[in-house]
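# Coordinates in review
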Amino acid sequence: MSVELANLLFPNVEETLEDLMKRYPRRPEGQMVTRFAPSPTWFLHIGGVSTWLIAERFVHQDNANGIVFLRIEDTDQERSLEGGIDLIIQGLKNFHIQFDEGPLGENNQDAGNYGPYIQSQRKNLYHVVAKHLVAQGDAYPCRMTSEELEATRKSQQDNKKIPGIYGSYSKWRDASFDEQKKMVESGTPFVIRLRSHGDMTKRVKVSDIIRWDIEMQDNFLDVVLIKAKDSLPTYHLAHLVDDYLMGTTHIIRSDEWLASLPLHLQLFSLLGVKPLQYAHVSPLLKLDDGKKRKLSKRKDPEANIEWFFEQGYPVDAIIEFLMNIIDPSFEERQKNNPEKKYTDFVFQLSHMNESGALFDLVKLDFVSKEWIAKLDKKLFVEKCLEWAHKYSPELHEKMVNNQEYTFKALNIERCTELDPKRFTKFSDIVEQLPNFYDEVYEANYENKPELPENVTQEIINKFVSVYLEKMDLHLEKDAWFEQFKEIAANLGDGMNFAGNNKEFKEWGYVGKIGDLAMFLRIQLLLSKATPDLSETMKVMWAERVKKRLQKAVK
Ligand code: GLU
């Protein structure tokens, strides 16, 4: 009777599970196979990149000859974003790490022998397995209307019963073949449900690589396997069909699926196959008002990886930051082996933090700053140009029109022992670069920061006239500073500035050298925080320095 029902439900499905097994031969014994399976309902989430990195490291590290493939889970067609697949693939490509298989070719063509790698193109495969389950008596069509479902839910709530469709709550579980036939032939939409053999009173042992052995409530719910609306599978059936046919050995996925693990184990047992290995990864956490909470797509712009690119964090820094989060021992090991790349360290999935790792942007800033400091001058400028081209075209134009000047301005003190590491991310150039260009300087001039109070107009007039006469931009940094101090200490007429705090207190100077240096910073670059003054002036060179300083004289 079940076979008859199966034929009635899937008259056009001719292939059998055995046929599929021939089409998708088993992978080599012992090969580790995992996958990254995002749904294109949103931009690429940073948590997704982290899950992907875990999967990729897991199968590729330590010379393991494993496979990681990309599978697009777009069975929720209504929530799928237009162009969402490309957003994911492009987003991942930014991280320069290749997948072994997936919809990676032109127009999302398959690369690999286990495709299609996009779920909406696998409908026939799901139907073959659903038919198989119906024929085995492990699944059935159910036509409960939404009113019936709602009434069931309400009665369960009123009678303090566990909600869901199971046992006698399932109107169609034990319907006769004739009733089923009449229903199907009437053309009313129906779903296909699992006929669960699980026991409500039983707890089952499940194992998870990160959480080890745990006990969970057995699944007893007749969950939906195929939806009525579009005959596409739910996550549960798709997981069974895809990960079985594609030869996955390890499922690394978000812990929101942990609760469904007993159900998934049940489904695999219905096909008579060995359970896969699972690792349920906790979400990235964020500190909000002193409390930890899940990084939220809705509230946190940094959930979207585009935010990191817009901010100008180097890809390698993002990866290193994620490795810090993923692998609790990464930071220590890297500190001890600074010359090594993240791919040189082997990480243990079983050592991952089961309660979720803190996504700490301060840490990202630290990692990123160090990364940028390691870039050589040319590469740094190239990266800044690349960033500006995309996110600040106006600045990009200026950079291109003043290439040599830009190169020097960006690299003040970089790649030397004195490098103060001024750049945390490429977007910092928006703060630090524009006032080097004369048009921008002129346009911003009136909005410059306030000068220290003790630097009066009279002092400015005097200082500028003396300084411009003596200024020597060939002097080395220390000699430059000595000259500057000397000039400042001898302006005369009660306008002398002390070379340090101690002198200032003892001799009653009008101010400290820092006050005059502040005048120089503000007057030259309209900012209280500039790179080293002597180096900055060398980059600007005499004519520009003169012009900018004279502008202060009245
Ligand atoms: N599409 C599922 C999700 O985005 C994938 C879960 C899995 O990796 O199995 O949550």
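In what follows, the structure referred to is the one given above.
Residues numbered from 1 in each chain as written. Predicted model: local features only at pLDDT ≥ 70, side-chain atom pairs only at ≥ 80, totals over all residues. Heavy atoms only, no water.

### A look at the site of the ligand
For the ligand, the full set of nearby residues is R35, A37, S39, E73, Y235, R253 and W257. Take R35: an N or O atom from its side chain is 2.6 Å from an oxygen atom of the ligand. Within the backbone of A37, one N or O atom sits 2.8 Å away from a nitrogen atom of the ligand. Isolated, the ligand exposes 300 Å² of accessible area, and the fraction of that covered by the protein chains is 82%. In this structure, the ligand is accommodated by the largest pocket. In the shell around the ligand, the residues fall into 3 nonpolar, 1 polar and 3 charged. (Near = heavy atom within 4 Å. Polar contact = N/O pair within 3.5 Å; in protein donor to acceptor, adjacent residues only side chain to side chain. Areas by Shrake-Rupley, 256 points an atom, 1.4 Å probe, with all protein chains shown as cover. 1 Å grid on protein atoms, 1.4 Å probe; cavity = no way out; pocket = protein on both sides within 12 Å on 5 of 7 lines; lining within 4 Å. Sits in = over half its atoms within 2 Å of the grid points. Nonpolar A, V, L, I, M, F, W, Y, C, P; charged D, E, K, R; others polar.)

### Overview of helix α23 (residues 533-550)
The terminal C-alpha atoms of α23, which comprises 18 residues, lie only 17 Å apart, well short of the 26 Å expected from a rise of 1.5 Å per residue. Taken as a whole, α23 has its buried residues at L533, S534, T536, M537, V539, M540, V545, R548 and L549. Where α23 is buried, its residues contact α16 (403-410), α18 (438-444), α19 (457-470), α20 (477-489) and α22 (513-525). (Helix = DSSP H or I, 4+ residues; strand = E, 2+ residues; numbered from the N terminus. Expected span 1.5 Å × (residues − 1). Buried < 20%, exposed > 50% of the residue type's maximum accessible area, 1.4 Å probe, protein only. Contact = heavy atoms within 4.5 Å.)

### Re a nonpolar patch on the surface
Together, F43, L81 and L87 line one region of the surface with nonpolar side chains, adding up to about 230 Å² of accessible area. Structurally, L87 is set in helix α4 (residues 84-93). Take L87: its relative accessible area is 33%, and that puts it in the partly exposed class. (Patch = residues over 30% accessible without salt bridge, like charges linked within 9 Å, V, L, I, M, F, W, Y side chains within 5 Å. Salt bridge = Lys/Arg side-chain N within 4 Å of Asp/Glu carboxyl O.)

### A look at the layout of surface pockets
Its volume calculated, the largest pocket comes out at about 1100 Å³. Around the largest pocket sit 36 residues that line it, and S39, S254, E256, W257 and K297 are the ones nearest its centre. Of all the elements in the fold, those that place two or more residues in the lining of the largest pocket are β1 (33-36), α3 (46-60), α8 (235-245) and β8 (250-254). Here the lining of the largest pocket takes 4 residues from α3, the largest share from any one element. When grouped by side-chain class, the residues that make up the lining of the largest pocket number 15 nonpolar, 12 polar and 9 charged. Looking at the second largest pocket, it is lined by 25 residues, and the ones nearest its centre are N94, F309, V315, E386 and Y391. Secondary structure elements with two or more residues in the lining of the second largest pocket: α4, α10 (305-311), α11 (315-326) and α14 (377-391). For the lining of the second largest pocket, the element with the highest residue contribution is α14, accounting for 6 residues. (Points joined across faces, edges and corners; volume = space filled by probe spheres on them.)

### Things to note about the sheet that holds strand β3 (residues 139-142)
Sheet strands associate in pairs through backbone hydrogen bonding, adopting either a parallel or an antiparallel arrangement. Spatially, β3-β4-β7 is the arrangement adopted by the 3 strands of the open sheet, whose pairing is antiparallel. Two strands bound the open sheet, and with one partner strand each, they are β3 and β7 (224-226). Taken over all neighbouring pairs, the strand axes of this sheet differ in orientation by 45 degrees on average, direction set aside. Sheet topology note: the β3/strand β4 (residues 191-194) ladder contains 4 bridges and is antiparallel. Looking across to β4, one finds that P141 is bridged to I192. Sitting on the sheet, helix α5 (residues 123-135) is in contact with β3, β4 and β7, with an inclination near 130 degrees to β7. (Pairing = 2+ DSSP bridges. Axes fitted to C-alpha atoms, helices over the stretch in contact; angles between N-to-C directions.)

### Points about the side chain of S296
If you trace the backbone, S296 turns up in the loop between β11 (291-294) and α10. When its relative accessible area of 14% is taken as the criterion, S296 is described as buried.

### Looking at empty space enclosed by the protein
Within this structure, the stated rule accounts for 1 cavity of 30 Å³ or more. A volume near 90 Å³ is recorded for the largest cavity. Of the residues that constitute the lining of the largest cavity, the class distribution is 7 nonpolar, 4 polar and no charged.

### Here's the deal with the environment of F190
You can see F190 is positioned in the loop between α7 (177-185) and β4. Distance in space between the C-alpha atoms of F190 and S231 is 9.0 Å, their sequence separation being 41 residues. Look past the residues within four positions of F190 in its chain and what remains in contact with it is L9, P141, C142, R143, M183, V184, K227 and A228.

### What to know about the pattern of salt bridges
A side chain with one charge can pair with a side chain of the opposite charge if their charged atoms come near. Under the counting rule described, the total for this entry stands at 35 salt bridges. Of the charged contacts in the structure, one is a salt bridge between K477 and D532, with a shortest N-O distance of 3.3 Å. Separated by 55 residues along the polypeptide, K477 in helix α20 and D532 in the loop between α22 and α23 bring together distant segments of the chain. For D532, a relative accessible area of 22% gives the class partly exposed.

### Some points on the nonpolar core
Formed by 58 residues in total, the largest nonpolar core has its most connected members in V129, L133, V134, L225, L237, L240 and L271. Top element by residues in this core is α5. It accounts for 7 residues. Residues contacting L237, with those up to four places away along its chain left out, are Y126, V129, A130, L133, L225 and I226. Ranked by size, the runner-up nonpolar core spans 52 residues in total, among them Y313, F321, F347 and A357. (Core = buried A, V, L, I, M, F, W, Y, C linked by side-chain atoms within 4.5 Å.)

### A short note on the environment of N7
As for its placement among the helices and strands, N7 is situated in helix α1 (residues 2-9). On a C-alpha basis, the gap between N7 and V134 in space is 9.1 Å, while along the polypeptide they are 127 residues apart.

### Considering the pairing of strand β10 (residues 285-288)
In the sheet, β10 pairs with β11 via 4 bridges, with the strands oriented antiparallel. From the neighbouring strand, K286 faces β11, where its bridge partner is R293. Turn length for the β10-β11 hairpin, with the two strands adjacent in sequence and antiparallel, is 2 residues, and the turn residue D289 shows positive phi of about 55 degrees.

### So, α1
When α1 is considered as a whole, its buried residues turn out to be L5, A6, L8 and L9. The buried side chains of α1 occupy one side of the element, clustering within an arc of 160 degrees when seen end-on. Close packing links the buried residues of α1 with α5, β3, α7 and β4. (Arc of directions from axis to C-beta.)

### Thoughts on the packing of aromatic side chains
Enumeration over the complete set of coordinates arrives at 25 aromatic pairs. Measuring from centroid to centroid gives 5.0 Å for Y166 and F220, while their planes differ by 90 degrees, and the two rings are edge-to-face. Of the two residues, Y166 sits in the loop between α6 (146-158) and α7 while F220 sits in the loop between β6 (212-217) and β7, which places them 54 residues apart along the sequence. When sorted by exposure, Y166 lands in the same class as F220, which is buried. Through successive ring pairs, a cluster of aromatic residues spans F463, Y467, W480, F481, F484 and F519. Directly above the ring of Y405 sits R544, whose terminal nitrogen or CZ lies 4.1 Å from the centroid. One cation-aromatic arrangement involves R548 over Y441; the distance from NZ or CZ to the ring centre is 3.8 Å. (Phe/Tyr/Trp six-rings, centres within 6.5 Å; stacked < 30°, edge-to-face > 60°. Lys NZ or Arg CZ within 6 Å of the ring centre and 35° of its normal.)

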